[in-house]
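One-letter residues, chain by chain:
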Amino acid sequence: MLTSTEVFKHIKTESLKMVNPQIRIRLSEVLSAFPISKEEVLVLLTELENRRLIDIHRGAIPSVSLTKYGSLNERPAEGLNSYEP
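To keep things clear, this report deals only with the structure shown in the data block.

About the cut-offs
Residues numbered from 1 in each chain as written. Predicted model: local features only at pLDDT ≥ 70, side-chain atom pairs only at ≥ 80, totals over all residues. Heavy atoms only, no water. Salt bridge = Lys/Arg side-chain N within 4 Å of Asp/Glu carboxyl O. Helix = DSSP H or I, 4+ residues; strand = E, 2+ residues; numbered from the N terminus. Buried < 20%, exposed > 50% of the residue type's maximum accessible area, 1.4 Å probe, protein only. Core = buried A, V, L, I, M, F, W, Y, C linked by side-chain atoms within 4.5 Å. Contact = heavy atoms within 4.5 Å.

## Points about the pattern of salt bridges
For step 1, the next point in the chain: Evaluated as defined, the whole model comprises 4 salt bridges.
For step 2, the next point in the chain: Of the charged contacts, one joins Glu-74 and Lys-12 as a salt bridge, the two residues approaching to 3.8 Å between their closest N and O atoms. Residue Glu-74 is found in the segment after α4 (68-72), and its partner Lys-12 is found in helix α1 (residues 4-16); the two are separated by 62 residues along the sequence.
For step 3, the next point in the chain: Accessibility expressed as a relative area gives 6% for Lys-12, which makes it buried.

## Quick notes on the nonpolar core
For step 1, the next point in the chain: Core analysis: the largest hydrophobic core is formed by 18 residues, its most contacted members being Val-7, Ile-11, Val-30, Val-41, Leu-45, Ile-54 and Val-64.
For step 2, the next point in the chain: When residues in this core are grouped by element, the largest group, 4 residues, is from helix α3 (residues 38-50).
For step 3, the next point in the chain: Sequence-distant contacts of Val-30, that is, excluding residues within four places in its chain, are made with His-10, Ile-11, Ile-25, Val-41, Leu-45 and Val-64.

## Description of unusual backbone geometry
For step 1, the next point in the chain: Phi at Arg-52 is positive, roughly 65°, even though this residue is not glycine.
For step 2, the next point in the chain: Inspection of the secondary structure puts Arg-52 in the loop between α3 and β2 (54-57).

Okay, here's the thing in structure tokens:
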């Protein structure tokens with residue numbers, strides 16, 4: 001089962017490839033990176049947004065970016081569906 005921690009790690013890894021760690025990443029790229037339904041990934045992204053780790057930009061081209069708090073955290077506290085056995 002995919003966890004929000006794994007989604008956060010993916011976003012952080014992609015962000016660190018750029019000069020600006022808070023760069024926007026297309027939502028379609030994030031959704032295609034995981035082998036589960038888009039709806040399940042969106043739930044995990046919403047959780048990360050509620051925890052102030054990412055921002056979801058709902059414009060003409062939907063995207064996500066790390067917040068300042070998210071870019072400073074290496075391993076944030078786990079949330080919903082984030083239990084790793």
